[in-house]
Amino acid sequence: MLTLTQRDKVRDALEKRASLVSKVNARKLRRVANESRVFDRFLDRKTKAIKREKPNASDGEILKILLDWITNGGLDQILAFIKQILDLFV
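What comes next concerns the included structure.

Calculation rules
- Residue numbers run consecutively from 1 along every chain, following the written order of its sequence.
- Only residues with pLDDT of 70 or above have their local features reported here, since the model is predicted, and side-chain atom pairs are shown and tallied only from 80 upward, although totals for entire chains, interfaces and linings are computed over all residues.
- By convention in this description, side-chain values take in all heavy atoms of the structure and omit both hydrogens and water.
- Numbering goes from the N terminus for both helices and strands, where a helix is a DSSP run of H or I of at least four residues and a strand is a run of E of at least two.
- Here the expected span of a helix is defined as 1.5 Å times the quantity of residues minus one.
- The rule is simple: take the accessible area with a 1.4 Å probe, protein chains only, and divide by the maximum for that residue type; under 20% is buried, over 50% is exposed, in between is partly exposed.
- Arc, as used here, means the arc of the directions from the helix axis to the C-beta atoms.
- Paired rings are identified among Phe, Tyr and Trp, the last through its six-membered ring, by centres lying within 6.5 Å, and are further divided according to the angle between planes into stacked (under 30 degrees), edge-to-face (over 60) and tilted (the rest).
- Whether a charge sits over a ring comes down to the Lys NZ or Arg CZ being within 6 Å of the ring centre and within 35 degrees of the ring normal.
- A pocket, in this scheme, is an open set of points on a 1 Å grid over the protein atoms alone with protein on both sides within 12 Å along at least 5 of 7 lines, while a cavity is a set where a 1.4 Å probe fits but cannot get out; residues line either one if an atom lies within 4 Å of a point.
- Grid points are joined across faces, edges and corners, and a volume is the space filled by probe spheres set on the points.
- Each axis is a line fitted through C-alpha atoms, taken for helices only over the stretch in contact, and angles between the N-to-C directions span 0 to 180 degrees.
- Oblique is the label for every angle not falling under 35 degrees (roughly parallel), over 145 degrees (roughly antiparallel), or within 65 to 115 degrees (roughly perpendicular).
- Note on contacts: a residue pair qualifies if any of its non-hydrogen atoms lie within 4.5 Å across the two residues.
- We call Asp, Glu, Lys and Arg charged. Ala, Val, Leu, Ile, Met, Phe, Trp, Tyr, Cys and Pro are nonpolar, and the rest, Gly among them, are polar.
- Residues counted as positive are Lys and Arg, residues counted as negative are Asp and Glu, and His and the chain ends are not counted.
- By salt bridge we mean one thing: a side-chain nitrogen of Lys or Arg within 4 Å of a carboxyl oxygen of Asp or Glu.

A look at helix H4 (residues 59-72)
In step 1: For H4, spanning 14 residues, the distance from its first C-alpha to its last is 20 Å, which sits close to the expected 20 Å at 1.5 Å a residue.
In step 2: Buried within H4 we find Ile62, Leu63, Leu66, Trp69 and Ile70. One face of H4 carries all of its buried residues, which in axial projection span an arc of 130 degrees. Residues Lys64 and Asn72 are exposed on H4 and point more than 90 degrees away from its buried face.

Next up, the structure:
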């Protein structure tokens, strides 16, 4: 489980990525960063996916992989994942 400081780093990475994309995509990224239940679901799903790939990964390694995915990952892949999460709430 990620600590509050680590969660803040993920939130900051989402906000930073949102400032680099179009307004429509930025709105989706900011919604995930700002709505706590959506953010919790996002973190839960993505950390589980990372744990499946690397079962022995520590929280610090999971954080590094997650931040790298947000920062350097393909925007289409990130938005597709976020769309899956947002569809759960609509």
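Here the narrative resumes.
Points about the packing of aromatic side chains
In step 1: If you walk through the whole model with that rule in mind, you get 3 aromatic pairs.
In step 2: With a centroid separation of 5.6 Å and 85 degrees between ring planes, the pair formed by tryptophan 69 and phenylalanine 81 is classed as edge-to-face. Of this pair, tryptophan 69 sits in helix H4 while phenylalanine 81 sits in helix H5 (residues 75-87); the two residues are 12 residues apart in sequence, bridging distant segments of the chain. For the pair shown, tryptophan 69 and phenylalanine 81 are each scored as buried.
In step 3: By way of ring pairs, the aromatic residues Phe42, Trp69 and Phe81 are connected into one cluster.
In step 4: Over the aromatic face of phenylalanine 39 sits the side chain of arginine 11, whose NZ or CZ is 4.0 Å from the ring centroid.

Remarks on the layout of surface pockets
In step 1: In this structure, the largest pocket encloses a volume near 180 Å³.
In step 2: Every residue along the wall of the largest pocket is listed here: Met1, Leu2, Arg7, Asp40, Leu43, Asp44, Thr47, Lys48, Lys51, Asp59 and Ile62.
In step 3: Elements with a contribution of two residues or more to the lining of the largest pocket: helix H3 (36-53) and H4.
In step 4: At 6 residues, the largest contribution of residues to the lining of the largest pocket is made by H3.

Some thoughts on the packing of helix H1 (residues 4-18) against H3
In step 1: One can describe the packing of H1 onto H3 by two numbers: an axis separation of 12 Å at closest approach and a directional angle of 100 degrees. Comparing their axes, H3 and H1 come out roughly perpendicular. Across the interface between the two elements, Arg7, Val10, Arg11 and Leu14 of H1 pack against Ser36, Phe39, Asp40, Phe42 and Leu43 of H3.
In step 2: Residues that form the contact of H1 with H3 fall into these classes: 5 nonpolar, 1 polar and 3 charged.

Remarks on the side chain of arginine 17
In step 1: Relative to the assigned elements, arginine 17 resides in helix H1.
In step 2: Here arginine 17 is buried and forms no salt bridge, its nearest opposite-charge partner aspartate 76 lying at an N-O distance of 8.2 Å.
In step 3: Filtering out sequence-adjacent residues up to four positions away, arginine 17 remains in contact with Leu29, Ile70, Thr71, Asn72, Gly73, Gly74, Leu75 and Ile78.

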